Amino acid sequence: EEQTEFYSSTDSMTELIVMEKELMETLGAYIAAEETRLENLKRMLSCPVETLVSEDSIEELERHISNPFKAYKLVRGLRKKWKLVEEITTNSSSQDFLGVLKQKSQGLPSDGDVDGVALGLVRLQETYHLHPESVMKGGVPGLVGTGALDPDEMFHIATVAHQNWKYQYAFLWMQETLRQLDEGVESEVSKMEVLRILAPLSFQMGVLPVALNLTQQILEQDSSDLLTLAQFAHYKSLKESVLTPNGYKNPFDLSIMHNMSYEALCRGEGSKMTDKRRRRLFCRYSSGGGNARLIYAPVKEEDEWDHPRIIRYHELMSDKEIEIIKTLARPKLARAKVVDHSTGNKYSTEFRVSKSAWLAEDEDPVVVHVTQRVADVTGLDMASAEILQVANYGIGGQYEPHFDSKLTGDTEFELKGGRIATVLIYMSDVEIGGATVFPAIGAALKPQKGSAVVWFNLLQNGEEDANTLHAACPVFVGNKWVANKWIRAHGQEFRRRCSLSHTE
Ligand SMILES: O=C(O)CCC(=O)C(=O)O
Ligand SMILES: [Fe+2]
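Procedures and definitions
- Residues numbered from 1 in each chain as written.
- Chains lettered and ligands numbered in written order.
- Predicted model: local features only at pLDDT ≥ 70, side-chain atom pairs only at ≥ 80, totals over all residues.
- Heavy atoms only, no water.
- Helix = DSSP H or I, 4+ residues; strand = E, 2+ residues; numbered from the N terminus.
- Contact = heavy atoms within 4.5 Å.
- Near = heavy atom within 4 Å.
- Polar contact = N/O pair within 3.5 Å; in protein donor to acceptor, adjacent residues only side chain to side chain.
- Areas by Shrake-Rupley, 256 points an atom, 1.4 Å probe, with all protein chains shown as cover.
- Nonpolar A, V, L, I, M, F, W, Y, C, P; charged D, E, K, R; others polar.
- Axes fitted to C-alpha atoms, helices over the stretch in contact; angles between N-to-C directions.
- Parallel < 35°, antiparallel > 145°, perpendicular 65-115°, else oblique.
- Left-handed = near helix turned anticlockwise from the far one by under 90°.
- Patch = residues over 30% accessible without salt bridge, like charges linked within 9 Å, V, L, I, M, F, W, Y side chains within 5 Å.
- Salt bridge = Lys/Arg side-chain N within 4 Å of Asp/Glu carboxyl O.
- Lys, Arg positive; Asp, Glu negative; His and termini not counted.
- Charge placed at Lys NZ, Arg CZ, Asp CG, Glu CD.
- Buried < 20%, exposed > 50% of the residue type's maximum accessible area, 1.4 Å probe, protein only.
- Pairing = 2+ DSSP bridges.
- Donors = N, O, S within 2.8 Å, 3.2 Å for Na, K, Ca; no water.
- Phe/Tyr/Trp six-rings, centres within 6.5 Å; stacked < 30°, edge-to-face > 60°.

With respect to the environment of Cys283
The topology assignment puts Cys283 in strand E1 (residues 283–286). C-alpha of Cys283 to C-alpha of Glu302: the two residues are 19 residues apart in sequence and 4.2 Å apart in space. For Cys283, the residues in contact, after removing those within four places along its chain, are Lys300, Glu301 and Glu302.

Right under this line is the structure:
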């Protein structure tokens, strides 16, 4: 059974806000119905069938009901009233409400979803080198109104980081949790729970004085804990020995890990473009070599990179077209899957966190128009191209370095050839993060709504171009929508436009 997995796409996160609003309305209606019911019950309570005065003696009561009319009224009144009370009591709308809640709750986040969002946050921290404090205290430009997390939320993020072997971030979040608890902030998690994880973690991270101090704090609470006693003795002997632990790393220094060129490029560092080369990159208007559709409205073409050639076409899609494509894709978005090379099975991984959908030409004239526009500006033959793939990235959504031409079990290869070119259309701007980076050449391309970037994955000899290894950086702030048009080799033999054919 497929999970909803909101976190892999920002679009499904917005659905959650809508759902919360609907649930609140349903809850409001339920409460109103219950209030009316209670009001009715209270009214029953305030008008007794007969008033019993405390001084009334048995004789008086007997005299009272000796009047046959009064006796009649009493019997009838009691029957009527308490039948009504029973009716009102059983007519609770709680069953209806619970039914609605149960039906809606299938779309609400599961525990797995909550963990997934936390892992997404840690992934962002890794890529963009963010300390817990800077995330919370607005130390990140563009990230406004985050607000503080409470100790239970921090403890949860720390636990998820720990379970996913992200020890440095687990350590930092646990530390922050402990700091808050020491400041007396209310929490469900106890200080002992935090200490029992943080003490050995501090040792693992190589900060022996902290490990010793925290272990001591555990023992102050529970001096009979044998395991902790043994750990304490071990840490102490290490401290007293002249040997300092090898490979000591400052656990607060986030630059020591995740410094692969892919992540550096995502942070806007490590571009390998020199000034001299940059001066030879141009921007021009092109009519696609006399294409009738472009003569009066030439396309703005910009060199993004020289070797290999990467070109950006501006205004490939209009905002209106983008809205239509997104609307068509929305109901079809499913977590993007990666193919297992040995078994051919598809599975979802952290390697590729996004939701995608395929749109065929017959779904809407706009899809046909996009294909036509791609054909016009690139001059490539679309007969062998794949249908349009639309992707939406959520919190921490990313696609780690890969080649578009490396497809396992490619059923179209025989007939249409390899994925010779990629046309990547950006259907949104992204406030922070979400760049497309090429680690082998040190290039980073920023999403720009309506524009498309194009490169050849295959060299003229048909071999894969190792320089086209690329990745989608995690989205940090914003919503990322892209569309891919993969163009196959067949039909391009005489069409590889000179502006794009600098490769050998
Ligand atoms: O979203 C991006 O920036 C790149 C996506 C990509 O490389 C792909 O879908 O193959
Ligand atoms: Fe790709």
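Remarks on the site of ligand 1
As a structural note, the neighbourhood of ligand 1 is formed by 13 residues, with Tyr393, Thr436, His470, Lys480 and Asn484 the closest of them. Within the side chain of Tyr393, a nitrogen or oxygen atom sits 2.6 Å from an oxygen atom of ligand 1. Contacts to ligand 1 include His470, whose side-chain N or O atom sits 3.0 Å from an oxygen atom. In the complex, 98% of the free accessible area of ligand 1, which totals 290 Å², lies under the protein chains. If you list the elements that add at least two residues to the shell around ligand 1, you get strand E10 (398–402), strand E16 (470–472) and strand E18 (480–488). Per-element accounting of the shell around ligand 1 gives the leading share, four residues, to E18. Split by residue class, the shell around ligand 1 holds six nonpolar, four polar and three charged.

With respect to the packing of helix H10 (residues 208–221) against helix H11 (residues 226–240)
Following both chains from N to C, one finds H10 and H11 inclined at 150 degrees, their axes separated by 10 Å at the closest point. One way to sum up the angle between H10 and H11 is to call them roughly antiparallel. Crossing of H10 over H11 shows left-handed handedness. Counted together, Leu208, Ala211, Leu212, Thr215, Gln216, Ile218 and Leu219 of H10 and Thr228, Leu229, Phe232, Tyr235, Lys236, Leu238 and Lys239 of H11 form the full contact between these two elements. Among the residues forming the contact of H10 with H11, the class breakdown is nine nonpolar, three polar and two charged.

A short note on a negative patch on the surface
Taken together, the side chains of Glu55, Glu59, Glu60 and Glu62 define an acidic patch exposed on the protein surface. As for its placement among the helices and strands, Glu55 is situated in the loop between helix H1 (10–46) and helix H2 (58–65). The exposure class of Glu55 is exposed, given its relative accessible area of 63%.

Comments concerning the sheet that holds strand E7 (residues 352–353)
What the five strands build is an open sheet, ordered E7-E10-E16-E13-E14; its pairing is antiparallel. Edge strands, defined here as strands with exactly one partner in the open sheet, are E7 and strand E14 (443–445). Bridge count between strand E13 (residues 436–438) and E16: two bridges; the pairing is antiparallel. Within E16, the position partnered with Thr436 by the bridge is Ala472.

So, the coordination of the iron ion (ligand 2)
Where a metal carries four tetrahedral donors, each ideal angle is 109.5 degrees; where it carries six octahedral donors, the ideal angles are 90 or 180 degrees. Only His402 (NE2), Asp404 (OD) and His470 (NE2) from the protein coordinate the iron ion (ligand 2), and they sit 2.1 Å from it. One chain supplies every donor for the iron ion (ligand 2), spaced along it as H-x1-D-x65-H. The two residues His402 and Asp404 agree in class, both being buried.

With respect to the packing of aromatic side chains
Tallied over the entire structure, the rule returns five aromatic pairs. Ring geometry for Phe203 against Tyr235: centres 4.5 Å apart, planes inclined by 20 degrees, an arrangement best described as stacked. With Phe203 in helix H9 (residues 191–204) and Tyr235 in helix H11, this residue pair connects regions lying 32 residues apart in the sequence. With a relative accessible area of 31%, Phe203 lands in the partly exposed category. For Tyr235, a relative accessible area of 3% gives the class buried.

Some remarks on the side chain of Thr228
Secondary-structure assignment places Thr228 in helix H11. On the basis of relative accessible area, Thr228 is assigned to the buried category, the value being 5%. Among residues more than four places away in sequence, those in contact with Thr228 are Arg196, Thr215, Ile218 and Leu219.

Structural notes on unusual backbone geometry
Peptide bonds are trans in most cases, and residues, glycine excluded, mostly fall at negative phi. The amide bond that connects His307 to the next residue, Pro308, takes the cis arrangement and shows omega of -5 degrees. As for its placement among the helices and strands, Pro308 is situated in the loop between strand E2 (299–305) and strand E3 (310–313). At Trp165, a position not held by glycine, the phi torsion is positive, near 60 degrees. With respect to the helices and strands, the residue Trp165 is situated in the loop between helix H7 (151–163) and helix H8 (167–182). One non-glycine residue, Glu315, lies in positive phi territory at about 50 degrees.

Focus on the sheet that holds strand E4 (residues 334–335)
With respect to topology, nine strands assemble into an open sheet ordered E1-E2-E3-E15-E11-E18-E9-E8-E4, the strand pairing being antiparallel. Looking at strand neighbours, the two that pair on one side only are E1 and E4, the edges of this open sheet. Bridge analysis of strand E9 (residues 388–393) against E18 gives five bridges, and the strand direction is antiparallel. The residue of E18 that forms the bridge with Asn392 is Trp481.

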